[in-house]
Amino acid sequence: MTKFRKLGRPTGHRMSMLRTMVSQLVKHERIETTVAKAKEIRRLADNMVQLGKEGSQCAARRAASFVRGDDVLHKLFTELAYRYKDRAGGYTRLLRTRIRVGDAAPMAYIEFIDRENELRQARPPTPQPPQRAPLDPWTRSRLSRQFAPPKEEKSGSDL
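Residues numbered from 1 in each chain as written. Predicted model: local features only at pLDDT ≥ 70, side-chain atom pairs only at ≥ 80, totals over all residues. Heavy atoms only, no water.

Per an unreviewed UniProt entry, the protein goes by 39S ribosomal protein L17, mitochondrial and derives from Sphenostylis stenocarpa. Check the Sequence similarities (unreviewed entry) section of the UniProt entry for the protein; it says "Belongs to the bacterial ribosomal protein bL17 family." (UniProt positions renumbered as here; feature names shortened; annotations may be inferred.)

This part is about the overall build of the protein. What the protein contains, in helices and strands, is five helices and three strands. When its helices and strands are written in sequence order, the protein yields α-β-α-α-α-β-β-α. Across the 159 residues that make up the protein, the buried fraction comes to 31%. Pairs at least 24 residues apart make up 60% of the contacts formed inside the protein by residues separated by at least 6 positions. (Helix = DSSP H or I, 4+ residues; strand = E, 2+ residues; numbered from the N terminus. Buried < 20%, exposed > 50% of the residue type's maximum accessible area, 1.4 Å probe, protein only. Contact = heavy atoms within 4.5 Å.)

Sheet strands pair by backbone hydrogen bonding; their relative direction is either parallel or antiparallel. Within the open sheet, the three strands sit side by side as β1-β3-β2. Their pairing is antiparallel. Every interior strand has two partners, whereas the edge strands, β1 (30–34) and β2 (92–99), have only one. Across this sheet, the average inter-strand angle for adjacent strands is 25°, counted without regard to direction. Running at roughly 145° to β1, helix α1 (residues 11–28) makes contact with β1, β2 and β3 (106–112) of the sheet. (Pairing = 2+ DSSP bridges. Axes fitted to C-alpha atoms, helices over the stretch in contact; angles between N-to-C directions.)

Our next topic: the environment of threonine 97. Inspection of the secondary structure assignment puts threonine 97 in strand β2. Between the alpha carbons of threonine 97 and valine 35 there is a distance of 9.4 Å; along the sequence they are 62 residues apart. In this structure the side chain of threonine 97 is engaged in a polar contact, spanning 3.3 Å, whose partner is the side chain of glutamate 32. (Polar contact = N/O pair within 3.5 Å; in protein donor to acceptor, adjacent residues only side chain to side chain.)

The next thing to look at is the side chain of serine 23. Take serine 23: it is sitting in helix α1. Contact partners of serine 23, with chain neighbours within four places excluded, come to Val67, Arg68 and Val72.

Let's shift gears to the packing of helix α3 (residues 57–64) against helix α4 (residues 70–83). Packing of α3 against α4 brings their axes to within 10 Å, and their N-to-C directions diverge by 140°. Classified by the angle their axes make, α3 and α4 are oblique. The two elements α3 and α4 meet at a crossing, and its hand is right-handed. Here Ala59, Ala60, Ala63 and Ala64 of α3 lie close against α4, whose contacting residues are Leu73, Leu76 and Phe77. Looking at side-chain class alone, the contact of α3 with α4 contains seven nonpolar, no polar and no charged residues. (Parallel < 35°, antiparallel > 145°, perpendicular 65-115°, else oblique. Left-handed = near helix turned anticlockwise from the far one by under 90°. Nonpolar A, V, L, I, M, F, W, Y, C, P; charged D, E, K, R; others polar.)

Structure representation (structure tokens):
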């Protein structure tokens, strides 16, 4: 069983709220909510995008059982699946914004990355280190002997 935040609500209310918020995030691509809710939405929204990228009939049924609205489902399996086809994960970004006036709850924007009108540009991908040619075992052992400290000789009288 995975850990999740209960958000101070009964299970039915919590799941209904999260389903609605994920659907609104897919529809509008950016919403403002509390930080705790945004962290939960991020997990579920990334799962939905992963289902959209999968593109199978089974994935479509699983996504349809969670998100609300046919337009949201269509956007998941066409626009978002195409946008993130080369990305392995991390489809959403969480940006803390302010403290809410009424109850001092920390608020945050959650948005999809790599879209128009982003609040913050995505970082460029980190370059991979150049691939080194594999060493054969004999070269490796000579190199380790070259850089290893010299072995100390033990005599029988030291014992």
